[in-house]
Structure formats: structure tokens, C-alpha cells
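Residue strings, one per chain:
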Amino acid sequence: MRHDHLITSKQLSRADIETVLDRAAEIDADPSAVADRHANSVLGLLFFEPSTRTKMSFETAMKRLGGSVVDMGSIESSSVKKGETLADTVRVTEGYADALVLRHPKQGSATMASEFVDVPLLNAGDGAGHHPTQTLLDLYTIRENAGLDDLTIGIMGDLKYGRTVHSLAYALTNFDTRQHFISPESLQLPREVVYDLHQEGNGTQVREHDSLEEVLPSLDVLYVTRIQRERFPDENEYQKIAGEYQIDLETLEDARDELTVMHPLPRVDEIAPEIDDTDHAAYFEQAHNGIPVRMALLDLLLENHTRGETDE
């Protein structure tokens, strides 16, 4: 990988993805081999939205590489509360850190912020836009469980506001996949995303459905997402579809024995707890995979950035 920043999964080629996933597999097999690789590096965390898994896994990943972390903290306790702009915040934090991780509620914020810094910036979610590091750990989980070529995947739930869905769909066009999108009409993929997926070519097949039943028997992977209440501009719109598109053991009676069920978490009631103990469930494994994947990504970006400075 030779990218300075990771803003969207659309910028990742198949070779880029495989480079990160292969490095993650090496780290997963022997974490001690990289324990001191970035002992003098500092990672800056800038989270303008709540986060549990993403924030904690980035912090853990950096510390397991031997580095340290500086955290902006909550908006209420930062200079953002005083009116500081995002551009100024990232420029200031760049002086404290060797790489930055940004989560922000406004779509496009990561792209804008990356224009003001020279250290690597990773987008940890920008509104309903993209979440490329989540996509990489999703791909790692899919590869470990079902492979990434000749893959039939169903992606179900909130496809309109789900940034994890948008990022994953784009990244999967690098592989031989059949993508089925299952949602109520009001939460279908944005039309521009559907158009882009069709334009990508590469043999990717894209189909939309309003019911899981018709495609479930053919799926290798079922990727479930929660209905994101915080993304809805209208509470009434949320209430109309809240609770739809849930799965339990009865739902999966027609699924293949090898079906892998994934979820970016947190879940509300989309996946019944009774599925947790089945061979289908991979969502906790998926969350744990955030550590080696983000370790690999930080390792590669910091390595390339340091090499670039040396070459100048």
C-alpha cells in the first residue's frame, strides 16, 4: 500500500486489500513479532461520535505495536465546544501524533480533514459515508470463513444510512462476488451506490430484494446491519420499519450449513441471541479481528510514511 490516507474503500485495489489481509494474518499468527515495531510512534484519536469497538481496537492495535495513543476525548471537554473548526483540530493534533484516526458525523469530513495534514489519516466513519477500516476487518473475516472469490453474500437491513454497507459493497467489487441487498424500500442502497457497483464490472452481480427468504438458501455469508435510529431525520420514518428484518433459528432453517452470519455491531434485535452459540455466528470473531487488521493497517501506513520521509 502506498496511500497516505485511507478515506474510502473505493481507493483500495485487490492488491491493496490482500496486502493488508496477508499482513493481518501474519500478525494474528504471531503478535509478538511486531510488539516493538512502532515503539516511538503516537496515534491521535479524534472521535466526534460515540464508538466502542472502533476506538478501543485502534487504541489496542497501536499499543500492541509498541506505540502510544493521544485521545481528543469527548467533544464537551475539547476545544470543539469553543467553536474550533475541524481543519484547525486536525492541524493541531498532527503536531502531537504520527497518524490520526477520525470519526465524524458529517459525510465528507474525512476527505476535507485529510487535505490539511501530512501524517496518515484514517477514516473511522463519516456520517452515512464510508468506514473503510471496518470493511477490511469484514473482508478478513469473510476470507477466513468463506473465501473472497466465487462468493454469494446477502447484506440486509439499513442499506441507505449504513456506511459499513457502502464500504463493503465497493470493496467486494474487487472479487468474484454475487451481492444481494435485502431491505425495506425506504432503506434501499442509495441509487448512486447501485450505479457505481454496476459500473465497476469485474463480474460482480448486484441484486436487490425486499425479502431474505428468496435468497437465503444460496448465501455463503449473511451480513446483517441494525436499523440506525440516529441516522433518521424523521422519527416517524424510523418507527415504521423498526423491528423488521430480524433473524432467529427458525429464519435460518433453510440456510446452508456453512452459512456465515456477520454483523458490524452493536446489534439491537436484528439477530436473536440464540444464534450466538451456533456455527453460523461470526460477529464476535469479526469484532476481535479488528485488532490484527488495524495493527496491519497502522503498520503498513506508518512504515510507508516513515520511508517516504526518509526518501525526501
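Quick notes on the rules
- Residues numbered from 1 in each chain as written.
- Predicted model: local features only at pLDDT ≥ 70, side-chain atom pairs only at ≥ 80, totals over all residues.
- Heavy atoms only, no water.
- Helix = DSSP H or I, 4+ residues; strand = E, 2+ residues; numbered from the N terminus.
- Rg over C-alpha atoms; globule rule 2.2 N^0.38 Å.
- Buried < 20%, exposed > 50% of the residue type's maximum accessible area, 1.4 Å probe, protein only.
- Contact = heavy atoms within 4.5 Å.
- Areas by Shrake-Rupley, 256 points an atom, 1.4 Å probe, with all protein chains shown as cover.
- Lys, Arg positive; Asp, Glu negative; His and termini not counted.
- Charge placed at Lys NZ, Arg CZ, Asp CG, Glu CD.
- Pairing = 2+ DSSP bridges.
- Axes fitted to C-alpha atoms, helices over the stretch in contact; angles between N-to-C directions.

Draft legend 1. Summary view of the overall build of the protein. Counting its regular elements, the protein contains ten helices and nine strands. For the protein, whose C-alpha radius of gyration is 19 Å, the value lies close to the compact-globule estimate of 20 Å for 312 residues. Counting only C-alpha atoms and orienting by the principal axes, one finds that the protein spans roughly 55 × 45 × 40 Å. Across the 312 residues that make up the protein, the buried fraction comes to 55%. Of the contacts formed within the protein by residues at least 6 apart in sequence, a portion of 74% connects residues at least 24 apart. Working note: accessible area of the protein is about 13,700 Å², and carbon and sulfur atoms make up 44% of it. In the protein, 28 side chains carry a positive charge and 57 a negative one; their mean positions are 6 Å apart.

Draft legend 2. View of the sheet that holds strand β9 (residues 260–262). With respect to topology, five strands assemble into an open sheet ordered β7-β6-β5-β8-β9, the strand pairing being parallel. One side of each edge strand has no neighbouring strand; the edge strands of this open sheet are β7 (205–209) and β9. Taking the axes of each pair of neighbouring strands and ignoring which way they run, one obtains an average angle of 20 degrees across the sheet. The pairing of strand β6 (residues 177–182) with β7 spans five bridges and is parallel. Looking at the pairing, F181 lines up with E208 of β7. Along the sheet face, helix α5 (residues 132–145) touches β5 (151–156), β8 (221–224) and β9 and points at about 165 degrees away from the line of β9.

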